[in-house]
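Working through the structure, step by step
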Amino acid sequence: MGKQEAIDLMHYVDEINLSHGGEGTRLYSTANSEVKRKCLENGLHLLDAQVRHLGTDINYVVLENLYNELSDKVEFHFNAPVQAVSRLPEGGYEITLEGERHTCERCVVSVGRSGSKWMESVCRGLNIPTSSNRVDIGVRVELPAEVWEPLTDQLYESKIVYRTEKFEDLVRTFCMNPHGVVVNENTNGIVTVNGHSYEDPSKHTENTNFALLVSKHFSMPFKDSNGYGESIARLSNMLGGGVIVQRFGDLVRGRRSNETRIRDSFVTPTLAATPGDLSLVIPKRILDGIIEMIYALDKIAPGTANDDTLLYGVEVKFYNMEVEINENLETSSPGLYVIGDCSGVTHSLSHASASGVHVARHILSRLS
């Protein structure tokens, strides 16, 4: 749809969030910051971005207010998993649920990253073209909040990209949570790691966490990027019974973290994970890149590469096979739209929200 229209839509989404409970939250910007100059001096690239921090708690408020406003206009069905979307011979679609069937002229699918496998089955059934996409594999870093406060106080979330010297792979920071908590995430029965933060100061912790991710793109003949990520996550679950945690100092010394070393660490974990050895789980090339970036980040946030910095693994960001859609986010099957992260096109809350507004406006224009 073009950069400017996408940005305008995201500003519109921000206005909706503010008017439904997000008022008073801070908008951070990386523009013309001293942090950007410091990153460039050390081979790091700070992406230009504006970040509105609502926090997990305020997001609940916004969603509840939106639901209350829409509940008398929209028919909601909760705990109603859709089994199939099929095209009717006379046009339109049939939506199949357990014991229910619904028909419609137009159908909008938005099932998020967790629905990526299901989305692939829908595309196969309707002969909608897809292309191979990426998977992001990495760790979640947890350290004392003071280490990153010079950056998080200015920017809240720093989106930093680093090109490794050894392999010239790109490693990036993602989902930064100042004074936040590390949490488990269950995707298709696989336990991975994620992070949360809260606007409410009473819920703040002494730690900051963020992800370090390496994107892997696959070419022919391999197509199952999500399957690759799942196999690595399953290996972590096999060795650790879930998420593994390791001190950075133990990782670079080639030794497994144990309960004693974690307990004696100066960083108190916010997630009860199994002490272990991430080098037995994460491929060497990816792990080498993560280690190299931690040393690079230590130059702009001294203390990042301390021995007691905690690494949780694995963090995996699954992406749907990229669905072939036009500028209206409509597939080759007329009247079927795919929005949000299940499209393989958007990769954030603001992108996903903007895509929904874009499709809604397009459908309204056809109805008028």
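Residues numbered from 1 in each chain as written. Predicted model: local features only at pLDDT ≥ 70, side-chain atom pairs only at ≥ 80, totals over all residues. Heavy atoms only, no water.

**Considerations on the pattern of salt bridges**
- Within the structure shown, the criterion is met by 22 salt bridges.
- Note that Glu 315 is salt-bridged to Lys 317, the shortest N-O span being 3.2 Å. Neither residue differs from the other here; Glu 315 and Lys 317 are each classed as buried.
- A single network of salt bridges, built from pairs that share partners, joins Arg 247, Asp 250, Arg 255, Arg 261 and Asp 308. (Salt bridge = Lys/Arg side-chain N within 4 Å of Asp/Glu carboxyl O. Buried < 20%, exposed > 50% of the residue type's maximum accessible area, 1.4 Å probe, protein only.)

**Observations regarding the nonpolar core**
- Of all hydrophobic cores here, the largest spans 44 residues; its most connected members are Leu 44, Trp 148, Ile 160, Leu 212 and Leu 297.
- Broken down by element, the residue count for this core peaks at eight residues, all from helix α9 (residues 284-297). (Core = buried A, V, L, I, M, F, W, Y, C linked by side-chain atoms within 4.5 Å. Helix = DSSP H or I, 4+ residues; strand = E, 2+ residues; numbered from the N terminus.)

**Digging into the pairing of strand β17 (residues 310-318)**
- Burial of β17 is extensive: nine of the nine residues sit out of reach of the surface.
- Where strand β9 (residues 134-144) meets β17, seven bridges bridge the pair, whose relative direction is antiparallel. Looking across to β17, one finds that Val 135 is bridged to Phe 318.
- In this structure, strand β15 (residues 244-247) lies alongside β17, joined through four bridges in antiparallel fashion. Among the inter-strand pairings, Ile 244 is bridged to a residue of β17, identified as Gly 313. (Pairing = 2+ DSSP bridges.)

**A look at the sheet that holds strand β14 (residues 207-217)**
- Pairing is mixed across the open sheet formed by eight strands, whose spatial order is β2-β10-β11-β14-β9-β17-β15-β16. Looking at strand neighbours, the two that pair on one side only are β2 (44-46) and β16 (274-275), the edges of this open sheet.
- Both strand β10 (residues 160-163) and strand β11 (residues 170-177) contribute to a ladder of three bridges, which runs antiparallel. When the sheet's bridge partners are listed, Tyr 162 is paired in β11 with Val 171.
- Each of β2, β9, β10, β11 and β14 is contacted by helix α5 (residues 145-155), which is oriented at about 115° to β9, the strand it contacts most.
- Contacts from α9 reach β2, β9, β10, β11, β14 and β17 within the one sheet, and its direction differs from that of β14 by about 135°. (Contact = heavy atoms within 4.5 Å. Axes fitted to C-alpha atoms, helices over the stretch in contact; angles between N-to-C directions.)

**Comments concerning the packing of aromatic side chains**
- Enumeration over the complete set of coordinates arrives at six aromatic pairs.
- For the pair Phe 76 and Phe 78, a centre-to-centre distance of 5.9 Å together with 5° between the ring planes defines the contact as stacked.
- For Phe 76, a relative accessible area of 34% puts it in the partly exposed group.
- By relative accessible area, Phe 78 is classed as exposed at 58%.
- Taking 5.4 Å as the distance between ring centres and 65° as the angle between the ring planes, the aromatic pair formed by Phe 248 and Tyr 295 counts as edge-to-face. Here the residue Phe 248 occupies a position in helix α7 (residues 248-252), and Tyr 295 occupies one in helix α9, the gap between them amounting to 47 residues. (Phe/Tyr/Trp six-rings, centres within 6.5 Å; stacked < 30°, edge-to-face > 60°.)

**Quick notes on the packing of helix α1 (residues 3-22) against helix α3 (residues 55-70)**
- For the pair α1 and α3, interaxial distance at closest approach is 8 Å and the crossing angle is 95°. Regarding the angle of α1 to α3, the classification is roughly perpendicular. Facing α1, whose interface residues are Ile 16, Asn 17, His 20, Gly 21 and Gly 22, α3 presents Ile 58, Val 61, Val 62, Asn 65, Leu 66 and Glu 69.
- Its residues assigned to classes, the contact of α1 with α3 shows five nonpolar, five polar and one charged. (Parallel < 35°, antiparallel > 145°, perpendicular 65-115°, else oblique. Nonpolar A, V, L, I, M, F, W, Y, C, P; charged D, E, K, R; others polar.)

**Points about α5**
- What α5 keeps buried is the set Ala 145, Val 147, Trp 148, Leu 151, Thr 152 and Leu 155. What you see down the axis of α5 is that its buried residues fit within an arc of 130°, all on one side. Residues of α5 that are exposed and point over 90 degrees away from its buried face: Glu 146 and Pro 150.
- One or two positions beyond α5, positive phi appears at Tyr 156, with a value near 65°. (Arc of directions from axis to C-beta.)

**Some details on α9**
- Between the first and last C-alpha of α9 there are 20 Å, a value that for 14 residues agrees with the 20 Å anticipated at 1.5 Å per step.
- Of all 14 residues that make up α9, 11 are buried, and the element is covered over most of its length.
- Residues of α9 that are buried include every one of Ile 286, Leu 287, Asp 288, Gly 289, Ile 290, Ile 291, Glu 292, Met 293, Ile 294, Ala 296 and Leu 297, and no others. (Expected span 1.5 Å × (residues − 1).)

**What to know about the environment of Tyr 67**
- Note on placement: Tyr 67 falls in helix α3.
- The contacts of Tyr 67, once residues within four sequence positions are left out, are Phe 76 and Phe 78.

**Some remarks on the sheet that holds strand β5 (residues 93-97)**
- Judged by pairing direction, the sheet is antiparallel, and its three strands sit side by side in the order β4-β5-β6 without closing on themselves. In this open sheet, the two strands that pair with only one neighbour each are β4 (82-87) and β6 (100-104). The sheet shows a mean angle of 20° between the axes of neighbouring strands, taken without regard to direction.
- Bridging between β4 and β5 involves five bridges; their strand directions are antiparallel. Note on β5: the bridge partner recorded for Arg 87 is Tyr 93.

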